[in-house]
Amino acid sequence: MTPVLVTGSDRPLDPSWAVARSAAEVERLAGAGRTVVVTLSGDETAQLAAAAVFAWLGARVFRTDHEEQVRRAVDMTESLAGRRPPALARRGLA
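Keep in mind the model is a prediction, meaning the values are calculated, not measured. (Residues numbered from 1 in each chain as written. Predicted model: local features only at pLDDT ≥ 70, side-chain atom pairs only at ≥ 80, totals over all residues. Heavy atoms only, no water.)

Honestly, the packing of helix α2 (residues 44–57) against helix α3 (residues 67–80) in this entry has me stumped. Any pointers?
The relative placement of two packed helices is expressed as an angle between their axes plus a distance between the axes. Relative to each other, α2 and α3 sit at 30°, their axes nearing to 9 Å. Here α3 runs roughly parallel to α2, going by the angle between their axes. Judged by the sense of rotation from one axis to the other, the crossing of α2 with α3 is right-handed. Of the residues in α3, those touching α2 at Glu44, Leu48, Ala51, Ala52, Ala55 and Trp56 are Gln69, Val70, Ala73, Val74, Thr77, Glu78 and Leu80. A class-by-class count of the residues in the contact of α2 with α3 yields 9 nonpolar, 2 polar and 2 charged. (Axes fitted to C-alpha atoms, helices over the stretch in contact; angles between N-to-C directions. Helix = DSSP H or I, 4+ residues; strand = E, 2+ residues; numbered from the N terminus. Parallel < 35°, antiparallel > 145°, perpendicular 65-115°, else oblique. Left-handed = near helix turned anticlockwise from the far one by under 90°. Contact = heavy atoms within 4.5 Å. Nonpolar A, V, L, I, M, F, W, Y, C, P; charged D, E, K, R; others polar.)

Before we go on, may I ask you to explain the side chain of Glu78 in this structure?
Looking at where Glu78 falls in the secondary structure, it is placed in helix α3. Ignoring anything within four residues of it in the chain, the contact list for Glu78 reads Val4, Ala55, Arg60, Arg83 and Arg84.

Help me understand α2 in this model?
Every α-helix winds through 3.6 residues per turn, so residues three or four apart in the chain are directed the same way. Taking 1.5 Å per residue, 14 residues should reach 20 Å; α2 reaches 20 Å between its end C-alpha atoms and fits that length. Considered for burial, the residues of α2 that qualify are Gln47, Ala51, Phe54 and Ala55. Down the axis of α2, the buried side of the element spans an arc of 100°, and every buried residue falls inside it. Among the structural elements, α1 (23–31), β3 (36–39), β4 (61–64) and α3 are those in contact with the buried residues of α2. Looking at the residues trailing α2, positive phi occurs at Gly58, about 120°. (Expected span 1.5 Å × (residues − 1). Buried < 20%, exposed > 50% of the residue type's maximum accessible area, 1.4 Å probe, protein only. Arc of directions from axis to C-beta.)

Hey, could you run me through a nonpolar patch on the surface in this one?
A cluster of nonpolar residues, Trp56, Met76 and Leu80, forms a patch on the protein surface that exposes about 370 Å² of accessible area. With respect to the element layout, Trp56 can be found in helix α2. (Patch = residues over 30% accessible without salt bridge, like charges linked within 9 Å, V, L, I, M, F, W, Y side chains within 5 Å. Areas by Shrake-Rupley, 256 points an atom, 1.4 Å probe, with all protein chains shown as cover. Salt bridge = Lys/Arg side-chain N within 4 Å of Asp/Glu carboxyl O.)

Which parts of the structure should I look at to understand the pattern of salt bridges?
Once their charged atoms are close, side chains differing in charge can pair, the charge on each being opposite to the other. Summed over all chains, the structure comprises 4 salt bridges. Here Asp75 and Arg71 are joined by a salt bridge, their closest N and O atoms 3.0 Å apart. Taken together, the residues span about one helical turn, with Asp75 and Arg71 both in helix α3 at a distance of 4 residues. You can call Asp75 buried: its relative accessible area is 19%. Between Glu78 and Arg83 there is a salt bridge, with its nearest N and O atoms 3.0 Å apart.

Encoded structure:
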């Protein structure tokens, strides 16, 4: 699987990437094995929410103005989906 890339919104697109503009497109293209790129817009909260949903559906490239925050949201989603190990695991003992 292609590693996740979070980059600035001004980065040029690779011609082999498939651009998606909706959750349905992301799901369809990722299901077909394509590397899906999404460009996030809106305020920071909206971008974080959209990034989490798109990551869950299989998007691999995220173009945003909030790179660090989106990277954290995508990493968390990838961990929850079981596609990457958590950054920190704690065992709770009762």
